[in-house]
Structures are given as structure tokens and as C-alpha cells.
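What follows is each chain in one-letter form.
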Amino acid sequence: MNQANINQVLIVGGGTAGWLTAAKLAKQLNSQDPTAVQVTLIESPDIPTVGVGEGTWPTMRKTLAELGISESEFVRHCNASFKQGTQFVNWKQAPENGKDNDYLHLFSSVVEASDFNLSPYWSLSEQQKNFADSISAQGALCRDKLAPKDLTLAEYQGAQNYAYHLDAAKFAELLKSHACNQLGVKHLSANITAVKQDQSGDIASVETDSAGELFADFFVDCTGFKCLLLGETLGIGFNNIQDKLLTDHAVTIQVPYQDENEPIASCTISTAHQAGWTWDIGLQNRRGTGYVYSSAHQSHDEAEATLRRYLGANTDHLSSRLIKMNCGYREKFWHKNCVAIGLSAGFIEPLEASAIFLIEASGNMLAELFPRQKSAMAHVADKFNRSFLFRWQKSIDFIKLHYYLSKRQEAFWLDNKKPETVPETLLNAIAHWQHHPISQYDFDNVYEPFPLDSYQYVLHGMEFSQALDHNRARYNKTMQAQYYFQRAAKLTEQLQKQLPSNRDLLNKLKQYSFQKI
Amino acid sequence: MAKVSPINAQAHANTKIKQDPGFAHSQGQHLIPIVVHEFAPASQDTPIVFIKDSETGRFMAMSLVGLKPGENVLVGEQWKGTYIPQVLRNYPLVVAKGKEEGQAILCLHQDSPLISETEGEALFDENGEQTQWCKKMAEQVISSVEQNQITQGYVQYLAEKQLIAPQTLNMNISGEQYSLNGLYVINEQALNDLADETLLEMKKLGYLMPTYAALLSQQRVHNLARIKTA
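Computed from a predicted structure; not experimentally measured. Within every chain, residues take consecutive numbers counted from 1 along the sequence as written. Lettering of chains starts at A and numbering of ligands starts at 1, both following the order in which they are written. It should be noted that, the model being predicted, local features are given only for residues of pLDDT at least 70 and side-chain atom pairs only at 80 or more, the latter also being counted only at that level, while totals for whole chains, interfaces and linings use all residues.

Trainee: Even after reading the chapter, I still don't get the overall build of chain A, so can you show me in this structure?
Mentor: Secondary structure elements follow DSSP: runs of H or I no shorter than four residues count as helices, runs of E no shorter than two count as strands, and numbering proceeds from the N terminus. For chain A, the count of helices and strands is 16 helices and 21 strands. At 23 Å, chain A has a C-alpha radius of gyration in line with the 24 Å of a compact globule built from 517 residues. Over its C-alpha atoms, taken along the principal directions, chain A stretches across nearly 70 × 55 × 50 Å. Partly exposed residues are those whose C-beta has more than 12 but fewer than 20 other C-beta atoms within 10 Å; 20 or more makes a residue buried and 12 or fewer makes it exposed, with C-beta atoms placed from the backbone. Looking at chain A as a whole, 48% of its 517 residues are labelled buried. Counting contacts in chain A only where the partners sit at least 6 residues apart, residues at least 24 apart contribute 77% of the total. Atoms counted for the radius of gyration: C-alpha only. Globule rule: 2.2 Å times the number of residues to the power 0.38. Distance between backbone-placed C-beta atoms decides contact: two residues are in contact if it is within 7 Å.

Trainee: Explain the overall build of chain B to me, please; I cannot follow it from the model alone.
Mentor: A count of helices and strands for chain B gives seven helices and eleven strands. For 230 residues, the compact-globule formula gives about 17 Å, and the C-alpha radius of gyration of chain B, at 19 Å, lands near that figure. Summarising its shape, the C-alpha atoms of chain B cover approximately 60 × 45 × 30 Å along the three principal directions. Partitioning the intrachain contacts of chain B with sequence separation of at least 6 by distance along the chain shows that 70% fall at a separation of at least 24.

Trainee: Mind showing me how you'd approach the environment of Ile48(B) here?
Mentor: Residues and elements named next belong to chain B. For Ile48, the position within the fold is in strand S4 (residues 48–52). Separated by 162 residues in sequence, Ile48 and Pro210 place their C-alpha atoms 9.8 Å apart. When sequence neighbours within four positions are dropped, the list of residues in contact with Ile48 reads Phe39, Ala42, Ser43, Ala61, Ser63, Ala213, Ala214 and Ser217.

Trainee: So what exactly am I meant to see when it comes to the packing of helix H10 (residues 354–369) of chain A against helix H11 (residues 377–404) of chain A here?
Mentor: When two helices pack together, you describe them by how their axes are tilted relative to each other and by the distance separating the axes. Residues and elements named next belong to chain A. In this analysis, axes come from line fits to C-alpha atoms, helices being fitted only over the stretch in contact, and the angle between any two N-to-C directions falls in the range 0 to 180 degrees. The interhelical angle for the contact between H10 and H11, taken along N-to-C directions, is 160°, at an axis separation of 11 Å. Judged by the inter-axis angle, H10 sits roughly antiparallel to H11. Seen from above, H10 lies across H11 with right-handed handedness. Contact residues: Ser354, Leu358, Ala361, Ser362, Met365 and Leu369 in H10; Val380, Lys383, Phe384, Ser387, Phe388, Arg391 and Ser395 in H11. Each residue is assigned to one class: nonpolar for Ala, Val, Leu, Ile, Met, Phe, Trp, Tyr, Cys and Pro, charged for Asp, Glu, Lys and Arg, and polar for all the others, Gly among them. Of the residues contributing to the contact of H10 with H11, the split by class is seven nonpolar, four polar and two charged. Small angles under 35 degrees read as roughly parallel and large ones over 145 as roughly antiparallel, with 65 to 115 read as roughly perpendicular and the rest as oblique. If you view the pair so one helix is near and one far, a crossing is left-handed when the near helix is turned anticlockwise from the far one by less than a right angle, and right-handed when it is turned clockwise.

Trainee: I keep staring at helix H14 (residues 452–461) of chain A and nothing clicks. Help me out?
Mentor: Residues and elements named next belong to chain A. Within H14, ten of the ten residues are buried, which leaves it mostly tucked inside the rest of the structure. The secondary structure elements touched by the buried residues of H14 are strand S4 (85–89), strand S5 (102–106), helix H4 (119–124), helix H5 (131–135), H11 and helix H13 (424–433). Phi turns positive, to about 60°, at Glu463, one or two residues after H14.

Trainee: Help me out: how do you make sense of the interface of chain B and chain A in this one?
Mentor: Interface extent is often summarised as the accessible area lost during association of the parts. With twelve residues of chain B at the interface, the matching set in chain A holds nine residues. Those elements that place two or more of their residues in the side of chain B that touches chain A are helix H3 (132–160) and strand S10 (164–173) of chain B. Looking at the side of chain B that touches chain A, its residues break down into four nonpolar, five polar and three charged.

Trainee: It is not clear to me how helix H9 (residues 300–311) of chain A should be interpreted in this structure. Could you clarify?
Mentor: Helical geometry note: an α-helix holds 3.6 residues per turn, so side chains three or four residues apart project in the same direction. In a regular helix each residue adds 1.5 Å, so twelve residues correspond to 16 Å; H9(A) covers 17 Å between its end C-alpha atoms and thus fits that length. Among the residues trailing H9(A), Gly312(A) stands out with phi positive, at a value near 85°. To estimate the expected span of a helix, subtract one from its residue number and multiply by 1.5 Å.

Trainee: Hey, could you run me through the sheet that holds strand S18 (residues 328–330) of chain A in this one?
Mentor: Adjacent strands of a sheet form backbone hydrogen bonds with each other and so pair up, either parallel or antiparallel. All names here are of chain A. Ordered in space as S12-S18-S21, the three strands form an open sheet in which the pairing is antiparallel. If you trace the sheet from one side to the other, it starts and ends with strand S12 (238–240) and strand S21 (346–347), each paired once. Paired strands, in this sense, are two strands between which DSSP finds at least two bridges. Two strands pair when backbone bridges link them, and S12 and S18 are joined in this way by three bridges, in the antiparallel orientation. Within the sheet, the bridge partner assigned to Asn240 lies in S18 and is Gly328.

Trainee: I keep staring at the pairing of strand S11 (residues 218–221) of chain A and nothing clicks. Help me out?
Mentor: For a regular strand, side-chain orientation follows a simple rule: the groups alternate between the two sheet faces. Residues and elements named next belong to chain A. Neither face of S11 is open: one carries Phe218 and Val220, the other Phe219 and Asp221, and all of them are buried. By the bridge criterion, four bridges tie strand S1 (residues 8–12) to S11 in an arrangement that is parallel. Residue pairing across strands places Val9 opposite Phe218, the latter belonging to S11. Judged from the three bridges that link them, S11 and strand S20 (residues 338–340) form a sheet pairing that is parallel. Within S20, the position partnered with Val220 by the bridge is Val339.

Trainee: Got a minute to help me understand the environment of Asn285(A) in this structure?
Mentor: Looking at the element boundaries, Asn285(A) is found in the loop between strand S15 (276–282) and strand S16 (286–293). Residue Asn285(A) is classed as partly exposed on the basis of its 14 C-beta neighbours within 10 Å.

Trainee: So what exactly am I meant to see when it comes to the sheet that holds S20(A) here?
Mentor: Residues and elements named next belong to chain A. Strand order in this open sheet of six strands is S7-S2-S1-S11-S20-S19, and the pairing throughout is mixed. Looking at which strands have only one partner, the edges of the open sheet turn out to be strand S7 (186–189) and strand S19 (334–335). By the bridge criterion, four bridges tie strand S2 (residues 38–43) to S7 in an arrangement that is parallel. The residue bridging Glu43 from the neighbouring strand is Ser189, located in S7.

The structure is reproduced here in C-alpha cells:
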């Protein structure tokens, strides 16, 4: 048994994953105390970050609050905006006679489904409104491009649950300055020339071109798709998921606003096209847009033309960037004394903004279970690997669900519905949900990345046919359900009057700040 | 927003300002802005609370004069409090910021019922000069602006030290339930838990007396209930 202590952590790679992990570790392990674990981050001055992860989950609020970052400063520095969910346009089916169809996946419901599930009551009722508008005020707020809060609410508090859209490069910059100046992270800028292992196979050190040889007890691989430590050095293989999720490329374009008062959407807009889908994310100073597609179904030129068609006139002069997506995840995320976080751990198409969310989850678990002794490593590694294998698989299931329920008829969409491309766990669940509402017991793992509520927004939004009539007697709390439906309607009306536009609130934040209380 | 216009010798040559001992213009306001210099006397009558300005998110100090939105129990033929907040005494005069930095322009609430041509104190004399009364009022109004800035610094200090906390005011008066949201009050526990150096800093800044005045004033809600039911 090796009783050696783990005192030094070296994070290899900056970017969102590196800096978020560095900040979380240093904060939670109290690295400012010299007897605590010390965190160093080395980044290459020459390798650019991928930096297209611009959507977060509401978990980011807790992350930022815990790190002690002011929300107003974060919003200002990262050109961030408030996000209340995702609007899925033309996912149900292709537009008919030029008319788009859409649904919303929101963050807030009038009551959490685990407390009282409105889904069966909505399914069994004479539906006047779509599911999202029946159970949440947030759809109306998204359509009106309103913010989820106003200046009278304290930082990180919302009238509705919310997340952010952000500029990933600026975010890494903010985290870097906070981690180095406030949390005791040491920063080195150098290129790695070799990785050295000891006899046991652990990583012992990295050699660099300008910072000498760096030794550490524990290494975090945040080297992006390259996966220098866990993949190239320790030889951990990669599970390709191309057979399940068919997209393999993205073409991106940043679109400036026409004028400084152009409304800013308060949700991500995801629009389905012939061989994939576009994201459209409104930041303060520009929109970030991109088309995720399958190169087997559409050429790169046609794909770029699809994105430009979506963006409309006046965007021909804007440059585009092509990104090859290596979709899949590592066979293990933690091996020996090395854990991979971020793109090095895996990548899945950004349909539900899982990238940053999984970085946060990895950082949290690593910090919480951090082994202070080498002998504890194998146990923690095993827990971590099982947990993240589950999270990646469930994330794939959830994203696949969006494709599987679509009635679009193009080859890409039909191929996505072929049973051999659908995880068995998802097929079984869908078969069950045809005659039963989703239950909290379908999501009873603590590591469940997407909650019951998320599945319901997608299932009902996609007009999944769920027949519950045979079991109507089971759902007899109709008075209570009616009460919640009415409360959602009332709240919608009230918040529509009360809340400022996303643009207005963001403009005000340039001058004013949220209070701490 | 009420219309205000700068006063000048031509337009207001004959303008007079009446006095209203009941301060009826504040009817319909359950919160009256006050400055920190008024905390001691104001705390004798009403609770001193803090609210956030929805335009800026900044905290403002207020004298609570009603138990529900739109209610002012102190308005009457005579003001029913022992202390009359300065902002009421200044009315209908007000200072607006000029185009240049630091410039202050004396203005008048145009729609005020206190404006008259026959009754009250004249703004200008027959030579077109400001009357003594007008000069005195101008001084008072301008000093309010300075005191406002001091108050803003003080209130922001309270917020940063988290010495105020949200409080919903719930009262049952003769069977009727009253509830007011969006109010913040001095948090006694936080005040007691202050680090010595912060306490010393507050002492040096002159923040202790108004803070304790605001804390004690929370009891004055019963005073409002008594006046309301009298």
C-alpha cells in the first residue's frame, strides 16, 4: 500500500474545462492554505481553445456563487445573457407551407414533477394550451424575450430558474483571473514536449519547452480532443458514438447585432434542418450560431449554405469556421493518477448544453472525493468512472430522444430513427411511456444528468403519443392539477407585466449591479 | 413621472406656494424616502425600511407610513406624525441635474395643487429676485440632494455588510390581514455578529446611531396600526 500523500495537482490545458476545474478544486480544497492541496495549471501559449461552448445549465449559478464571483461582473465580463430554456423549431416535423412549428424545453415549472406530476393530468385533459405553457410561465417569457429577473432580485436569484449564454473565451479569462488572484491557483504558460511515467505507470511529470520539468501527484487532462495524458499517454480508448448520434461536423458563424437595441433572445433557439440542426445563442454583443450536421448526409458546402440561409440576408460577408466533431467518450475517465475533464473526456453534440454542465459535475465530484492519499485513488477512480459512464450514456439517450420522436422525413432523420441506432435503454423507456407517464423512479440515480421534467418537456413538446385513458381512475387529483394550471396562467400574466426585456436588463447591468441580498 | 419645470423669474413672476399642513400630496404613498440624517426623528413615528429601486437595483431608505400599498395613515388635516420628512417639506420644489456635471437646477412640480397666484409664499419679488423664502427653500432642497448622496453611501454599506435582510410584514388588524413584500430591515443578528473592526469602522463613519435607530423603529409598526384604527 502506498501511503504517500497527494499534495500537488497539475491541470494540463486552459480553456473552460481547465480553468473551471482549477477554480473548483482550489476553492473546495482551500488551496490558499499551504498545507492544503496545491493546484497548478499549465496552458500552451500556442494551442487555441475550441471555445464554442456557450450555453450552460442553471447549475452554473451555484458554481459561480460558490466560487465567490459576482454575478454582475460575470455577466459584464463574459458578454453573458440570461437563458431560460431551449426553443426547438421544426423538430416535430419539417415546416408545412412555410409555417414553422416549435416547442420549448424550460427550466421552471409551476410545481416540480417529483412533487406533483402534472403530465398525466395534462395528457388526460381537454388541452387548450401546449404542455409547456400549461405548466410554466417561462414559455411566454421566452417568446417575449424577457429576462428571468429584474434588478430588485439579489444576485443568482431569479423570478424563474435560469442559466446563461456566455462567451467561452471571456469566461475562461474571468475564471483564470479569479482562480489565480483569489483562490491560489498557480499559472504557467508553456508547451508540453513529453509526458513521463513512473514504474507503476502513473504519470510522474511533464516536460515543457520553457517551464522545465513539472512534477505532480495528480494530473487533470484538459487538453481537449487531443487527450494527451489519458488517451495518448495512458492509452485509454475512445468509444465512438457515431452509430447512435449521426452528426459529425459543425460550421459556425458569429453574427453581430444590427443595432445596439436589437432584442436578445432569452432562450437557445435550436432549429432542425435537412441533415442536422442550428443553434442560435444571443450574447450581449453578438449571436453565436452554428449548424451541426452529418457529413454523410450533406456536403460541407451545402451545410454552410444551410446555415447562411437560416441567418438570412446581410450575413454573406461574415466568416465561417468548420469544426470536426469527434463524438464519443473515453472508456474510462480516470485512470491511474489522471482524470480527463472536458473535451478530453468526451464530446456529444451540443443540443442540450451538456458540455459545460459535465465539466461542472466532474469538478464537483473530483473536489468532493479528492483522494488525499495515493492508496485511496483506485476506490475514488472507480466511483468516478461508474458515475460518468452513466452520465454520458444518459446524455446520449436524452439527445437521441429528440431525434427519435421527430416526424421529419429526410434521409438523415429517417436514419436517426433506425432501431439499430437507438440505445436499448431508450427504446425500452419509450415503449413504457406510451402507456404510462414518466415517473421519478425512471430517474432514481443521483447522477441523472437530465431530470424527469426535461424528458416531459421534450416528449410532450414533440407530441409523443401517450395513451393513459385506460388508467384514468389513477389520476383523480384533478382539483389540485387545475389549481396548478391556473397558477401557471396567473404567474405568466404577472411576470409578463413585471419583468424587463433581456436586452434592457443586460444594458442596465453595464451600469448597475445586483445586490448580494 | 410628475412633470417638473425649472423655475424662472418670467414664468413664475406671480407664482406662490401654499402650505398644506396635512401633506395631502403624499396620499397614496405608503413609503416616503428619507435621508440618514432623519433616521433619529423619523424613527419616533414610523418603521424605517429599505427597498430596492427597480431601475437601478440600489437600496433606498424609506419611512413606512402605511400598512398596504397606496395607504398613508399619517395624511390628514394635520400630519399625524411628530416628524415631517424633508422630502414632504420640500414639495413642490425639487432639484434636477443640469447638463453640466454638478449643476443643480431648482424646479417645480407643475401639477401641484399647492401652486397658486393668490395664496402662499411668492417665489420672486417685484424686481424679479428670488424671495428670502425661496432662497431658504432652495438651500434646503439642495442640501437634501447632498444628504441623499450620503444616504446612498450609507445604505450601500449596509447592503455590502449584509446588515439588512428581506422581511415580509404581516399584520392582522381587526380581523383584516395585511402583508407587505419587498421590504428590507436591519438584521439584528447580523449587527450583533459584526466583527470588532467593522463595528469600529461604523462608529467612525457615524453609521451606528442611524443603524440602531432603524433597528428600534421596527416596533413603530404598532404606531401605524394605532393611528390607522384611531
